Each structure stands twice: as C-alpha cells, then as structure tokens.
Amino acid sequence: IVGEGIQANPLCLTGQGLFVFGVYDITLGRYLDFADFISFCSANDLQTVPILHDSFILDSTVSGLLEMAEGKSVLNHEAEREGIVLRPLTETTYTVRCETRRLSFKAISNAYLLKEKD
C-alpha cells in the first residue's frame, strides 16, 4: 500500500493505492512464478508494482546494479525511486542455516538514500 499517510509518502502520491508485490499460493506452499503472478493479478483486476523489465541480463557488478537502481519513480516522475527488486522469472529458493528463502534482492538507489538523509 502506498500513498498519503503511508510511511511518510516518499513518492508524494495523492490518495492510497494497492500494488501487488508477490502472490503466495497457500495450496502449493510457494510463490507464483512471474507469468502466473501476472495472470493472477490480471484475472483479479489487481495492479502489480511497477515492472521495469521482465527480461534482462543481470549486471554482475555492484556498481552496475546501483546504476540500474537509480532513476525516477514510475508512479511519480518527479520523485526518485527507492531502488529495484530483482527476482528470477521462475521462483527459486535457497537454504541458509536450515531456513529456506525466496531468491530475491533489492538494490537501493544512492540518490534515494541521500534524499532520505536530508
């Protein structure tokens, strides 16, 4: 949920909006793959978070990822976006210390962080 009254509204949006970030299938016990996620949201008239790319080659350097994270928000072209979340098209998990986790990570924009600090 984003907008007025939500986490200081850093995107300066009017009103509130719901943007779906992921769909967990309780029957299967896992998150939907990207194509199924898009289909589910479309079939249920739900808006997804902004999707910048659904097919790209991941930059293998930290500086490259940070460069990808920079830019204006899709929801408000006057505001810096917080960053980007990267996930595989097919849901993938990994295990760390006996805990299974979803493969997903965020690259946070330095411009956003600097603005937050002010």
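All of these numbers come straight from a predicted model, not from anything done at the bench.

Chemist: A description of the pattern of salt bridges should follow, citing residues and the corresponding values.
Modeler: Pairs can form between side chains of opposite charge once their charged atoms are near each other. Counted by the stated rule, this structure contains 5 salt bridges. Residue glutamate 91 pairs with arginine 102 through a salt bridge whose shortest N-O separation is 2.9 Å. Taken together, the residues glutamate 91 in the loop between strand E5 (83–86) and strand E6 (93–96) and arginine 102 in strand E7 (residues 99–102) connect sequence positions 11 residues apart. No difference in accessibility class separates glutamate 91 from arginine 102, as the two residues are buried.

Chemist: Could you give an account of the side chain of arginine 81, naming the residues involved and the relevant values?
Modeler: Tracing the chain through its elements places arginine 81 in the loop between helix H2 (62–69) and E5. No salt bridge is formed by the buried arginine 81. Its closest oppositely charged neighbour is glutamate 80, at 7.2 Å. Of note is the side chain of arginine 81, whose polar atom sits 2.6 Å from the backbone oxygen of glutamate 70. The contact partners of arginine 81, leaving out residues within four places of it in the chain, are Leu52, Met68, Ala69, Glu70, Gly71, Lys72, Ser73, Ser109 and Tyr112.

Chemist: Go over the pairing of E6 with me, naming the residues and quoting the values.
Modeler: As paired elements, E6 and E7 share 4 bridges and run antiparallel to each other. Residue tyrosine 94 lies in a different strand from E7, and its bridge partner there is arginine 101. In textbook terms, the turn of a hairpin is the stretch between consecutive antiparallel strands, and for E6 and E7 this stretch comprises 2 residues, one of which, arginine 97, has a positive phi near 45 degrees.

Chemist: Can you break down the packing of aromatic side chains residue by residue, with the values?
Modeler: One pass over the full model with this rule turns up 2 aromatic pairs. Their ring planes at 80 degrees and their centres at 5.2 Å tell us that tyrosine 24 and tyrosine 31 sit as a pair that is edge-to-face. Owing to a relative accessible area of 44%, tyrosine 24 belongs among the partly exposed residues under this scheme. Since its relative accessible area comes to 31%, tyrosine 31 is described here as partly exposed. For the ring pair phenylalanine 34 and phenylalanine 37, a centre distance of 6.5 Å and an interplane angle of 45 degrees mean the geometry is tilted. Taken together, the residues span about one helical turn, with phenylalanine 34 and phenylalanine 37 both in helix H1 (residues 34–43) at a distance of 3 residues. Geometry around phenylalanine 21 places arginine 87 over its ring, the cationic atom sitting 4.1 Å from the centre. Here the basic side chain of arginine 102 rests over the ring of tyrosine 31, its NZ or CZ set 3.8 Å away from the ring centre.

Chemist: Give a description of a nonpolar patch on the surface that names residues and reports values.
Modeler: A cluster of nonpolar side chains, namely Ile1, Leu18, Phe40 and Leu46, defines an oily patch on the protein surface of about 380 Å² accessible area. With respect to the element layout, leucine 46 can be found in the loop between H1 and H2.

Chemist: So what's going on with unusual backbone geometry? Residues and values would help.
Modeler: Unlike most non-glycine residues, asparagine 9 shows phi in positive territory, near 50 degrees. Position of asparagine 9 relative to the elements: it lies in the loop between strand E1 (2–3) and strand E2 (16–17). When its relative accessible area of 14% is taken as the criterion, asparagine 9 is described as buried. At arginine 97, a position not held by glycine, the phi torsion is positive, near 45 degrees. With respect to the secondary-structure elements, arginine 97 resides in the loop between E6 and E7.

Each value, and the rule that gives it
- Residues numbered from 1 in each chain as written.
- Predicted model: local features only at pLDDT ≥ 70, side-chain atom pairs only at ≥ 80, totals over all residues.
- Heavy atoms only, no water.
- Salt bridge = Lys/Arg side-chain N within 4 Å of Asp/Glu carboxyl O.
- Helix = DSSP H or I, 4+ residues; strand = E, 2+ residues; numbered from the N terminus.
- Buried < 20%, exposed > 50% of the residue type's maximum accessible area, 1.4 Å probe, protein only.
- Lys, Arg positive; Asp, Glu negative; His and termini not counted.
- Polar contact = N/O pair within 3.5 Å; in protein donor to acceptor, adjacent residues only side chain to side chain.
- Contact = heavy atoms within 4.5 Å.
- Pairing = 2+ DSSP bridges.
- Phe/Tyr/Trp six-rings, centres within 6.5 Å; stacked < 30°, edge-to-face > 60°.
- Lys NZ or Arg CZ within 6 Å of the ring centre and 35° of its normal.
- Patch = residues over 30% accessible without salt bridge, like charges linked within 9 Å, V, L, I, M, F, W, Y side chains within 5 Å.
- Areas by Shrake-Rupley, 256 points an atom, 1.4 Å probe, with all protein chains shown as cover.

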